[in-house]
Amino acid sequence: MISIVAKFTVNKGEEDKFMSLVSELGEASRSEEGCIEYILHKHAEKALTYCIIEKWKNQAAIDEHNSSGHFTTIVPKIVEIADAEIDIYQPV
């Protein structure tokens, strides 16, 4: 299993657009065979900070996800309205 933590700081005034895009991305991503978990979180104290915690079966599942139509269409729209930082983790 591989976990991805995708942190976003959304531009002020773009929260509704961000939530719509992330909702669409999450729904499509959760339907992928290799997806174990895909959950959006909002920072408890920073109003414009969110993260998606993703868990995937393996690297092949991530590669397939990253090349999917929904990923290649939606993610560029998200990074237009939010700064992104991606960290990848593996269990130890």
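Provided above is the structure to which this section pertains.
This one's a predicted model, so the numbers in the text were calculated from it and none came from an experiment.

S.K.: Sorry, what's going on with the overall build of the chain here?
M.R.: Along the backbone of the chain there are three helices and four strands. What you see in the chain, going N to C, is helices and strands ordered as β-α-β-β-α-α-β. Taken against the 2.2 N^0.38 rule, which gives 12 Å for 92 residues, the C-alpha radius of gyration of the chain at 13 Å falls within 12% of a compact globule. The principal-axis extent of the C-alpha atoms belonging to the chain is close to 35 × 30 × 15 Å. Expressed as a percentage of the 92 residues in the chain, the buried residues total 34%.

S.K.: Could you clarify how one ought to interpret the packing of aromatic side chains in this entry?
M.R.: Aromatic ring pairs are defined here through the distance separating the ring centres and the angle between the ring planes. Overall, the coordinates contain three aromatic pairs when judged by the stated rule. Taking the centre distance of 6.4 Å and the plane angle of 80 degrees together, the rings of Tyr38 and Trp56 count as edge-to-face. Of the two residues, Tyr38 sits in strand β2 (residues 35–42) while Trp56 sits in strand β3 (residues 49–56), which places them 18 residues apart along the sequence. Comparing Tyr38 with Trp56 shows no difference in burial state: the two are buried. Chaining the aromatic ring pairs together yields one cluster made of Phe8, Phe18 and Tyr50.

Thresholds applied
Residues numbered from 1 in each chain as written. Predicted model: local features only at pLDDT ≥ 70, side-chain atom pairs only at ≥ 80, totals over all residues. Heavy atoms only, no water. Helix = DSSP H or I, 4+ residues; strand = E, 2+ residues; numbered from the N terminus. Rg over C-alpha atoms; globule rule 2.2 N^0.38 Å. Buried < 20%, exposed > 50% of the residue type's maximum accessible area, 1.4 Å probe, protein only. Phe/Tyr/Trp six-rings, centres within 6.5 Å; stacked < 30°, edge-to-face > 60°.

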